[in-house]
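Structural features, examined
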Amino acid sequence: GLHRDSEPALDLGEEAGVAEAAARLAAQGPYQLIINATGLLHGPALMPEKKLGDLGLAALQSVFLANTFGPALLLRHFTPLLDKRCGRMGLLSAKVGSIGDNRLGGWYAYRSSKAALNMLIKTAAIELARSKPKARLLSLHPGTVISPLSQPFRGANAARPAEQAAADMLQVIDSLGPEHSGSFHAYDGQPLPW
């Protein structure tokens, strides 16, 4: 597990550090499975927007850094480490990032950052298929998980334990073949609309 305090350290806001972490781990590869479980919805000075008037540049930048820009750097620097025979990389997205499923509105920064992440994954999967046709990149919706991310919201009452969510997503990853690379799936295996 890589994070800001791990060895090697990984800070998604520092491109050189992401590249260095990948370079340091390359000798231990190729990797059959890489999972990115980062995400930002709220923080001490940040809550999801309920209306356009709540939108602000600082919040957009913070949310996109964690949910889109950092994972894009992971795609760039870590997909070369995937095993060409069976490598899989799953990145946590969110159902609320589905443009086709958006019926409630709000949460502008989070929704759009996850929709952008989905596009990055789809686009990278097309490129990856040329050099590693058996590898796959997957956009995954974990459901509502008992975590600090979901705690302030009413859906937290229906949240599942993190261990169950992780087991469900691993099962989905294992069930999807190379033909599913670039797709968006929920924790129960159901494909989600873009």
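Above: the structure in question.
What counts, and where the lines are drawn
- Residues numbered from 1 in each chain as written.
- Predicted model: local features only at pLDDT ≥ 70, side-chain atom pairs only at ≥ 80, totals over all residues.
- Heavy atoms only, no water.
- 1 Å grid on protein atoms, 1.4 Å probe; cavity = no way out; pocket = protein on both sides within 12 Å on 5 of 7 lines; lining within 4 Å.
- Points joined across faces, edges and corners; volume = space filled by probe spheres on them.
- Helix = DSSP H or I, 4+ residues; strand = E, 2+ residues; numbered from the N terminus.
- Nonpolar A, V, L, I, M, F, W, Y, C, P; charged D, E, K, R; others polar.
- Buried < 20%, exposed > 50% of the residue type's maximum accessible area, 1.4 Å probe, protein only.
- Pairing = 2+ DSSP bridges.
- Right-handed = clockwise from strand over helix to strand, strands pointing away.
- Salt bridge = Lys/Arg side-chain N within 4 Å of Asp/Glu carboxyl O.
- Expected span 1.5 Å × (residues − 1).
- Contact = heavy atoms within 4.5 Å.
- Axes fitted to C-alpha atoms, helices over the stretch in contact; angles between N-to-C directions.

A look at the layout of surface pockets
Estimates place the volume of the second largest pocket at around 700 Å³. Looking at the second largest pocket, it is lined by 26 residues, and the ones nearest its centre are L2, L10, L12, N36 and T38. Elements with a minimum of two residues in the lining of the second largest pocket: β1 (33–36) and α2 (57–78). With five residues, the single largest contributor to the lining of the second largest pocket is α2. Looking at side-chain class alone, the lining of the second largest pocket contains 16 nonpolar, eight polar and two charged residues.

Considerations on the pairing of β1
The side-chain alternation of β1 yields one buried face, formed by I34 and N36, and one unburied face, formed by L33 and I35. One ladder, built from four bridges, connects β1 with strand β2 (residues 88–92); its direction is parallel. When the bridges of β2 are listed, I35 appears paired with G90. For the crossover from β1 across α2 to β2, the handedness is right-handed.

Details of unusual backbone geometry
Between E7 and the following residue, P8, the backbone shows a cis peptide bond with an omega angle of 5°. Mapped onto the elements of the fold, P8 is located in the segment before α1 (15–25). Located in the positive-phi region is W107, a residue other than glycine, with phi close to 50°. Topologically, W107 is positioned in the loop between β2 and α3 (108–131).

What about the pattern of salt bridges?
All told, the structure shown has nine salt bridges when counted by the stated rule. Between R4 and D11 there is a salt bridge; the shortest N-O distance is 3.7 Å. In this structure, R160 and D168 form a salt bridge, with 2.4 Å as the shortest nitrogen-oxygen distance. Per residue, the accessibility class of R160 equals that of D168, and both read buried. When salt bridges that share partners are traced, they join E7, E20 and R24 into one network.

Regarding α3
For the α-helix, the turn length of 3.6 residues means that residues three or four positions removed from each other point alike. Taking 1.5 Å per residue as the helical rise, α3 with its 24 residues ought to reach 34 Å, and the 35 Å between its terminal C-alpha atoms agrees with that figure. Looking at the packing, one finds that the buried side of α3 touches α2, β2, β3 (136–141) and β4 (183–186).

Considering the sheet that holds β1
Spatially, four strands are ordered β1-β2-β3-β4 in an open sheet, and the strand pairing comes out parallel. In this open sheet, the two strands that pair with only one neighbour each are β1 and β4. The sheet shows a mean angle of 25° between the axes of neighbouring strands, taken without regard to direction. Here α2 sits on the sheet and contacts β1, β2 and β3; the angle it forms with β2, its principal contact strand, is near 175°. The strands that helix α4 (residues 162–175) touches are β1, β2, β3 and β4; relative to β3, the one it contacts most, it runs at about 145°.

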